[in-house]
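Given next are the chains, with one letter for each unit.
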Amino acid sequence: MIAKKYEQLVTILQKMETVVVAFSGGVDSTFLLKAAVDALGASNVLAVTADSETYPTSELEEAKSLALHIGVKHIVIETSELAIPGYSENTKNRCYFCKSSLFDHLIPVMDEAGFNNVIYGVIADDMNEFRPGMKAAKEKGIRGPLQEANLFKEEIRELSFEKGLPTWNKPSFACLSSRIAYGDKITKEKLTKVEKAEAFLKSLHIRQVRVRTHQDIARIEVEPDDMKIILEKNSFIVSALQDFGYKYITLDLIGYQSGSMNKSLVKEG
């Protein structure tokens, strides 16, 4: 089954002929970039990374390294989500504004390169989640080959391992804004606070972490096996996160959950 899905992915990419890949360096976009290079040849693929306030410096450096590893041309463009009208208000449609702006930056890059398509790393799992950015992609004609081939995250990890990609077991990542509770205004200061807090916790050998931010409260999400690290080093962690600007430090006993902030949204209709 997984082999057939990969064959379908290759067919989809080959029909595109030339592609600009929205490349974050995460599991999905890295695999998509590698598949595109294998299907089309490096000269027909361009990786583009948007460097902004919501994108940690560590992720940018890793993206540069991964593009070099894959052997594809990579450019970094400067963007600013906080400059997008409607974004910093942090409504439930925040990701729509972000993706719409990102694609508005990538389409001119595609035109200048003389390429045919912009593609991004949306996957089959995303069909069952709240992803307003998918609406922006549809409006602007941006393709998601992984989703079109019905590839799920675990399948992408397996295929990434087979292709020797170091991201095969990389923890999932989302932009720093996803840590801030809907309705709380997004600012550069809050994003920096989240980035510092998560980098600190990762330095304690915690694999997957989110510091969900509810005004002055840090709600730490980690995988169940890593909760003992938080508890054993609680005073050390409290001191560090308070230095970063949090007043109250909590541990979410449910553990890490992708998109947990979306639980606060009331489904419409």
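Starting afresh in each chain, residues are numbered from 1 along the sequence in its written order. Totals for whole chains, interfaces and linings use all residues, but because this is a predicted model, local features are given only for residues with pLDDT of at least 70 and pairs of side-chain atoms are given and counted only at 80 or more. Hydrogens and water are ignored here; the side-chain numbers use all heavy atoms of the structure.

Asker: Residue-level account of the UniProt feature "active site" (unreviewed entry) in the protein chain, with values.
Answerer: UniProt positions are given in the numbering used here, feature names are shortened, and annotations may be inferred rather than shown by experiment. Within this numbering scheme, the UniProt entry marks C175 as carrying the feature "active site" (unreviewed entry). The helix and strand labels rest on DSSP assignments: H or I over at least four residues marks a helix, E over at least two residues marks a strand, and numbering proceeds from the N terminus. Relative to the helices and strands, C175 is located in the loop between α7 (153-162) and α8 (188-202). Contacts are assigned to residue pairs that have any heavy atoms within 4.5 Å of one another. Once residues lying within four places of it in the same chain are set aside, the contact partners of C175 are T54 and Y87.

Asker: Describe in detail the sheet that holds strand β1 (residues 19-22), supporting the description with residues and values.
Answerer: The pairing criterion for strands is at least two bridges between them, as found by DSSP. One open sheet holds the 4 strands; their spatial order is β3-β2-β1-β4, and the pairing between them is parallel. The open sheet is flanked by β3 (73-78) and β4 (117-119), the only strands paired with a single partner. Averaged over all adjacent pairs, the angle separating strand axes in this sheet is 25°, with direction ignored. Where β1 and strand β2 (residues 45-51) come together, 4 bridges link them in parallel fashion. Within β2, the position partnered with V19 by the bridge is V45. Sitting on the sheet, helix α3 (residues 57-70) is in contact with β2 and β3, with an inclination near 160° to β3. Between N-to-C directions, angles cover 0 to 180 degrees, with each direction set by a line fitted to C-alpha atoms, over the stretch in contact for helices. The strands touched by helix α4 (residues 94-113) are β1, β2, β3 and β4; relative to β2, the strand with the most contacts, the crossing angle is about 145°.

Asker: Any chance you could break down the packing of aromatic side chains for me, citing the residues and the numbers?
Answerer: Only Phe, Tyr and Trp rings are paired, with Trp represented by its six-membered ring, and only when their centres lie within 6.5 Å; those with planes under 30 degrees apart are stacked, over 60 edge-to-face, the remainder tilted. If you walk through the whole model with that rule in mind, you get 6 aromatic pairs. Between F103 and Y120 the ring centres are 5.4 Å apart and the planes differ by 75°, which places this aromatic pair in the edge-to-face class. Here Y120 lies in the loop between β4 and α5 (133-140) and F103 lies in helix α4, a separation of 17 residues in the sequence. Seen from their ring centres, F161 and W168 are 4.9 Å apart, and the 70° between their planes marks the pair as edge-to-face.

Asker: I'd love a proper account of the pattern of salt bridges, names of residues and values included.
Answerer: The term salt bridge refers to a side-chain nitrogen of Lys or Arg lying within 4 Å of a carboxyl oxygen of Asp or Glu. Across all of its chains, the model carries 16 salt bridges by this definition. Linking R212 and E221 is a salt bridge whose minimum nitrogen-to-oxygen distance equals 3.2 Å. The exposure classification of R212 matches that of E221, with both residues buried. With a shortest N-O distance of 3.8 Å, D216 and K247 are connected by a salt bridge. Pair noted here: D216 is in the loop between β5 (209-214) and β6 (217-222) and K247 is in the loop between α10 (234-244) and β7 (248-251), with a separation of 31 residues, a long-range link. The cut-offs for exposure are 20% and 50% of the maximum accessible area for each residue type, with area from a 1.4 Å probe on protein chains only; residues under the lower value are buried, those over the upper are exposed, and the others partly exposed. Residue class for D216 comes out partly exposed when judged on its relative accessible area of 32%.

Asker: Describe the sheet that holds β7, and please don't skip the residues or the numbers.
Answerer: The 3 strands are arranged β5-β6-β7 in an open sheet whose pairing can be described as mixed. Bordering the open sheet on either side are β5 and β7, each of which pairs with just one other strand. Here the average twist between neighbouring strands, direction ignored, is 25°. Of the strand pairs in this sheet, β6 and β7 are connected by 4 bridges, and their pairing is parallel. Its bridge partner being in β7, A218 is matched across the sheet by I249. Strand contacts of α8: β5 and β6, with the helix running at about 145° to β5, the strand carrying the most contacts.

Asker: Go over the state of the cysteines with me, naming the residues and quoting the values.
Answerer: Any pair of cysteine sulfurs within 2.5 Å is marked as a disulfide. Evaluated as defined, the whole model comprises 0 disulfides. Not engaged in a disulfide, the cysteine C98 finds its nearest cysteine sulfur in C175; these two sulfurs lie 5.8 Å apart. Its relative accessible area of 14% is what places C98 among the buried residues. Sulfur of C175: no disulfide; nearest cysteine sulfur belongs to C95 and is 5.8 Å away. For C175, a relative accessible area of 23% puts it in the partly exposed group.

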